[in-house]
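Structure assessment
Listed here are the chains, written in short residue letters.
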Amino acid sequence: MDSTCDLIIDSLKEEPIGETDYFIWFITDIGIVALFKGEGNFDIYSSNVETEANKIALDITKEEKEYLKIKERQVFLFYS
């Protein structure tokens, strides 16, 4: 596992900054992580992530978005 994955896994142990219908949100040293709540359809999660971020007052529209699967957990990582 690389250092990015290690940072994300460590951050998932911290208190989340919010929770929405599809995601649990965390702040990391490298950006914002949206942890998938279930094993649903990727396209549904991907199409809802911006709307879900707005529900907890996050503007991720100008951030880079990367999908990662780490230890059977699925996340979107948003960073500048």
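Anything mentioned here points back to the structure above.
Now for a look at the structure at hand. (Residues numbered from 1 in each chain as written. Predicted model: local features only at pLDDT ≥ 70, side-chain atom pairs only at ≥ 80, totals over all residues. Heavy atoms only, no water.)

**Examining unusual backbone geometry**
Residue Lys71 is not a glycine yet carries a positive backbone phi of 50°. The class of Lys71 is exposed, set by a relative accessible area of 58%. The backbone of Glu72 sits at a positive phi, close to 65°, despite the residue not being glycine. In this fold, Glu72 is placed in the loop between β4 (64-70) and β5 (73-79). Taking the relative accessible area as the measure of exposure, Glu72 reaches 62% and is therefore exposed. (Buried < 20%, exposed > 50% of the residue type's maximum accessible area, 1.4 Å probe, protein only. Helix = DSSP H or I, 4+ residues; strand = E, 2+ residues; numbered from the N terminus.)

**Structural notes on the pattern of salt bridges**
Within this structure, the stated rule accounts for four salt bridges. In this structure, Asp10 and Lys13 form a salt bridge, with 3.7 Å as the shortest nitrogen-oxygen distance. A relative accessible area of 44% places Asp10 in the partly exposed class. Among the salt bridges present, the one from Lys55 reaches Asp21, with a minimum N-O distance of 3.1 Å. Taken together, the residues Lys55 in helix α2 (residues 42-55) and Asp21 in the loop between β1 (18-19) and β2 (23-27) connect sequence positions 34 residues apart. As far as burial versus exposure is concerned, Lys55 and Asp21 are alike and both exposed. Connected via shared salt-bridge partners are Asp21, Glu52 and Lys55. (Salt bridge = Lys/Arg side-chain N within 4 Å of Asp/Glu carboxyl O.)

All we've got here are geometric facts, nothing functional implied.
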